[in-house]
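Here is what each chain is made of, one letter per residue.
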Amino acid sequence: MDWHKPAGYFERVLDQQAFGALILLLALDADAYLGHCKLVWSPGYPGFRERGIPEIQDLNVNRSRRRRGVASRLLEEAEARIVKQSRFAGIGFGLYADYGAAQRLYIQRGYVPDGRGVHYHHEPLPPGATCTLDDDLVLYLVKQLR
Ligand SMILES: CC(C)(COP(=O)(O)OP(=O)(O)OC[C@H]1O[C@@H](n2cnc3c(N)ncnc32)[C@H](O)[C@@H]1OP(=O)(O)O)[C@@H](O)C(=O)NCCC(=O)NCCS
């Protein structure tokens, strides 16, 4: 993976999957890792959790395999699983340029902002607030699946 994850990331994800908290979707080419995402049934962001909206998280595609439709295929599979449980799928992106590809991809796939403004560590930011532009400053989006 090109995206740094703490040691033990996949072990923890598999533990959570064993408890039914999430589904890990892996894109593979034979044994080679292409990318992955998680489908989280009861996410930490209250705007999704309180409305029963599952969230697609941690979408990542190996840098050398990008722009070949891998992320689109992962999202398609995640949405196909979510639609059996929920009318809406949720997703979020960071606001700095590293998230530029994800910002374009999600909006092109029909995800629209959930209307609650940006959040920092899952908390809404009031007008005039200051915060650090890092991975925890997130705009959340939803897509109506049915
Ligand atoms: C975002 C990411 C997952 C996209 O993966 P991918 O497999 O390259 O995406 P796809 O090939 O399915 O792209 C589908 C469409 O999204 C848009 N898109 C994807 N990457 C783009 C880029 N770098 N610039 C502009 N548009 C882009 C395009 O419209 C693309 O269609 P096209 O290739 O026919 O023009 C990948 O760039 C990535 O891992 N980024 C780093 C991690 C990250 O930001 N994850 C998201 C966390 S919120």
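All figures in this text were calculated on a predicted structure; none of them were measured in a lab.

Reading the values: rules and limits
Residues numbered from 1 in each chain as written. Predicted model: local features only at pLDDT ≥ 70, side-chain atom pairs only at ≥ 80, totals over all residues. Heavy atoms only, no water. Buried < 20%, exposed > 50% of the residue type's maximum accessible area, 1.4 Å probe, protein only. Helix = DSSP H or I, 4+ residues; strand = E, 2+ residues; numbered from the N terminus. Contact = heavy atoms within 4.5 Å. Near = heavy atom within 4 Å. Polar contact = N/O pair within 3.5 Å; in protein donor to acceptor, adjacent residues only side chain to side chain. Areas by Shrake-Rupley, 256 points an atom, 1.4 Å probe, with all protein chains shown as cover. Pairing = 2+ DSSP bridges. Phe/Tyr/Trp six-rings, centres within 6.5 Å; stacked < 30°, edge-to-face > 60°. Salt bridge = Lys/Arg side-chain N within 4 Å of Asp/Glu carboxyl O. Core = buried A, V, L, I, M, F, W, Y, C linked by side-chain atoms within 4.5 Å.

Visitor: Can you explain helix H4 (residues 100-108)? Please cite residues and give values.
Guide: When H4 is considered as a whole, its buried residues turn out to be Gly100, Ala102, Leu105 and Tyr106. Contacts from the buried residues of H4 go to strand E3 (55-61), helix H3 (70-82) and strand E4 (88-94). Looking one or two places after H4, you find glycine 110, whose phi comes out positive at around 100 degrees.

Visitor: If you had to explain the site of the ligand to someone new, which residues and values would you point to?
Guide: Lining the immediate environment of the ligand, one finds 19 residues, of which Leu59, Arg67, Gly69, Ser72 and Gln108 sit closest. Between glycine 69 and the ligand, the recorded distance is 2.8 Å, taken from a backbone N or O atom to an oxygen atom. The separation between an oxygen atom of the ligand and a polar side-chain atom of glutamine 108 is 2.5 Å. About the coverage of the ligand: the protein hides 75% of its 920 Å² of free accessible area. Looking at the shell around the ligand, the elements with two or more residues in it are E3, H3 and H4.

Visitor: Tell me about the pairing of strand E2 (residues 32-40), and name the residues and values.
Guide: When you tally the buried positions in E2, you get 8 out of 9 residues, the bulk of the element. Here E2 runs beside E3; their pairing, made up of 5 bridges, is antiparallel. Residue pairing for E3: valine 40 is matched across the bridge by glutamate 55.

Visitor: Which residues make up the environment of serine 86, and what are the values?
Guide: With respect to the helices and strands, serine 86 occurs in the loop between H3 and E4. Spatially, the C-alpha atoms of serine 86 and glutamine 144 are 9.1 Å apart, while their sequence positions differ by 58 residues. Once residues within four sequence positions are removed from consideration, serine 86 is found in contact with Gly52, Ile53, Pro54, Leu145 and Arg146. Polar contacts involving the side chain of serine 86 include one to the main-chain carbonyl oxygen of phenylalanine 88, which spans 2.6 Å.

Visitor: Run through the packing of aromatic side chains, naming residues and quoting values.
Guide: If you walk through the whole model with that rule in mind, you get 7 aromatic pairs. Geometrically, the ring pair formed by tyrosine 45 and phenylalanine 48 is edge-to-face, given 4.9 Å between the ring centres and 80 degrees between the ring planes. Here the two residues tyrosine 45 and phenylalanine 48 agree in accessibility, since each one is buried. Each ring, one from phenylalanine 48 and one from tyrosine 140, has its centre 5.4 Å from the other, and the planes form 85 degrees; the classification is edge-to-face. Linking phenylalanine 48 in helix H2 (residues 46-49) with tyrosine 140 in strand E8 (residues 137-144), this pair joins segments that are 92 residues apart in sequence. Just as phenylalanine 48 is buried, tyrosine 140 falls in that class too.

Visitor: So, the pattern of salt bridges: which residues are in play, and what are the values?
Guide: Tallied over the full model, the rule gives 8 salt bridges. Across the pair aspartate 58 and lysine 5 runs a salt bridge, and its minimum N-O distance is 3.4 Å. Linking aspartate 58 in strand E3 with lysine 5 in the segment before helix H1 (9-18), this pair joins segments that are 53 residues apart in sequence. We classify aspartate 58 as buried; its relative accessible area is 19%. Shared partners join several salt bridges into a network, and the residues in it are Arg73, Glu76, Glu77 and Arg81.

Visitor: Give me the lowdown on the nonpolar core, citing residues and values where you can.
Guide: If you look at the biggest cluster of nonpolar residues, it comprises 25 residues, and the most contacted ones within it are Ile56, Leu59, Leu74, Leu75, Ile91, Tyr106 and Tyr111. Where this core is concerned, the elements lending two or more residues are strand E1 (22-29), E2, E3, H3, E4, H4 and E8. Looking at this core element by element, the count peaks at 6 residues for H3. In this structure, Tyr45, Ile53, Tyr140 and Val142 belong to the second largest nonpolar core, which totals 6 residues.

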